[in-house]
Amino acid sequence: MASITLDNLGKVYPGGTRAVGGVNIDIEDGEFIVLVGPSGCGKSTLLRMVAGLESITEGEVRIGDRVVNNVEPADRDIAMVFQNYALYPHMSVRQNLAYGLKNRGTPKAEIERRVNEAAEILQIGPFLDRKPRALSGGQRQRVAMGRAITREPAAFLFDEPLSNLDAKLRVAMRLEIKELQKRLRTTSIYVTHDQLEAMTLADRLVVLNGGRIEQIGTPLEVYRRP
Ligand code: ADP
Ligand code: ADP
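Residues numbered from 1 in each chain as written. Chains lettered and ligands numbered in written order. Predicted model: local features only at pLDDT ≥ 70, side-chain atom pairs only at ≥ 80, totals over all residues. Heavy atoms only, no water.

Caption draft 1: Here's a closer look at the overall build of the chain. Along the chain, the regular secondary structure elements total seven helices and ten strands. Principal-axis analysis of the C-alpha atoms places the extent of the chain at approximately 50 × 40 × 30 Å. When each of the 226 residues of the chain is scored for burial, the buried share is 49%. Pairs at least 24 apart in sequence give 70% of the contacts found in the chain among residues at least 6 apart. (Helix = DSSP H or I, 4+ residues; strand = E, 2+ residues; numbered from the N terminus. Buried < 20%, exposed > 50% of the residue type's maximum accessible area, 1.4 Å probe, protein only. Contact = heavy atoms within 4.5 Å.)

The following block contains the structure:
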């Protein structure tokens, strides 16, 4: 676990579009931050800069005490959950969960421990030997989260993870993520369009507009304002 600091963070794309500017946020160890705002306000760009999937053109991202601007995504000690699951179709659920750890040379017994723990937390034990195509959308999203959990990262980054699910499943998964957060207390940044997700999950909400912070505070503070 670790704090995340965004220090005067900004992004100007080649061609000159300013996507993000002057963003300062101190995210505490274990805090769940939700990023909201209209389409095009810079949410994905901000998240992708923290993940290392987009270069940083201004300011700094620190994870713990470490400036990560020039650190490769795989070396940032973060795990990302996407809306499109990004599971490997030819691998079983178990292999999907273990793959990243295997690549890092994690010992077999440790991989097994972590896979079993994630399977227990997300209740995907019965599906461990299935391929992703034999799972429902909700089950696939659980596997995607399981893969993030097995890495035991310092932080989770969620990019609209539930936006492909139907309304009923979205509610169920929202509550599961809430439980996950209570149990693991891993520092998280979560991007969503869904106000209920934002209200339920956020310790603090960040409202972006035009690449800048328009409001920041607890859900009550943000949504109470006239
Ligand atoms: P959001 O996730 O809130 O919808 P984005 O971060 O995707 O916002 O986009 C922020 C702004 O940056 C938009 O104006 C968008 O068109 C622009 N943008 C995003 N990605 C690129 C890119 N690869 N090249 C140029 N402009 C981009
Ligand atoms: P999202 O809002 O979920 O990021 P988008 O359709 O806005 O989805 O963006 C999809 C992809 O296209 C992203 O990787 C984004 O960085 C890129 N993109 C968005 N806007 C632009 C743009 N104006 N020029 C080039 N790439 C862009």
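Caption draft 2: Just the pattern of salt bridges, in detail. Scanning the model with the defined rule gives 17 salt bridges in all. Where Glu176 meets Arg142, a salt bridge forms, and the shortest distance between an N and an O atom there is 2.8 Å. Here the residue Glu176 occupies a position in helix α5 (residues 167-184), and Arg142 occupies one in helix α4 (residues 137-150), the gap between them amounting to 34 residues. Of the charged contacts, one joins Lys182 and Glu179 as a salt bridge, the two residues approaching to 3.6 Å between their closest N and O atoms. One end of the pair, Lys182, and the other, Glu179, are both in helix α5, three residues apart, so they sit about a helical turn from each other. We classify Lys182 as exposed; its relative accessible area is 54%. One connected set of salt bridges, linked through shared partners, spans Glu110, Arg113, Arg114, Glu117 and Glu152. (Salt bridge = Lys/Arg side-chain N within 4 Å of Asp/Glu carboxyl O.)

Caption draft 3: Broad picture of the environment of Gly52. Note on placement: Gly52 falls in the loop between α1 (43-51) and β4 (58-63). With 20 residues separating them in the primary sequence, Gly52 and Glu72 have C-alpha atoms 6.3 Å apart. Setting aside residues up to four positions removed in sequence, Gly52 forms contacts with Pro73 and Arg76.

Caption draft 4: Just the site of ligand 1, in detail. For ligand 1, the full set of nearby residues is Tyr13, Thr17, Ala19, Pro38, Ser39, Gly40, Cys41, Gly42, Lys43, Ser44 and Thr45. In the model, an oxygen atom of ligand 1 is placed 3.2 Å from a nitrogen or oxygen of the Cys41 main chain. Measuring from an oxygen atom of ligand 1, one finds a side-chain N or O atom of Ser44 at 2.5 Å. When ligand 1 sits alone it has 570 Å² of accessible area, and the protein chains cover 60% of it. Of all the elements, α1 adds the most residues to the shell around ligand 1, at three residues. Residues that form the shell around ligand 1 fall into these classes: four nonpolar, six polar and one charged. (Near = heavy atom within 4 Å. Polar contact = N/O pair within 3.5 Å; in protein donor to acceptor, adjacent residues only side chain to side chain. Areas by Shrake-Rupley, 256 points an atom, 1.4 Å probe, with all protein chains shown as cover. Nonpolar A, V, L, I, M, F, W, Y, C, P; charged D, E, K, R; others polar.)

Caption draft 5: Region of interest: helix α3 (residues 108-122). With 15 residues, α3 ought to run about 21 Å at 1.5 Å a step, and its terminal C-alpha atoms sit 21 Å apart, in line with that. Those residues of α3 hidden inside the fold are in contact with α2 (93-103), α4 and α5. (Expected span 1.5 Å × (residues − 1).)

Caption draft 6: Fine view of the packing of aromatic side chains. Using the criterion set out here, one finds five aromatic pairs in the structure. Each ring, one from Phe32 and one from Tyr190, has its centre 5.6 Å from the other, and the planes form 40°; the classification is tilted. In this pair, Phe32 is assigned in strand β3 (residues 32-36) and Tyr190 in strand β8 (residues 187-191), connecting sequence segments 158 residues apart. This pair shows no difference in class: Phe32 is buried, exactly as Tyr190 is. The rings of Phe32, Phe156, Phe158 and Tyr190 are connected pair by pair, giving a single aromatic cluster. (Phe/Tyr/Trp six-rings, centres within 6.5 Å; stacked < 30°, edge-to-face > 60°.)

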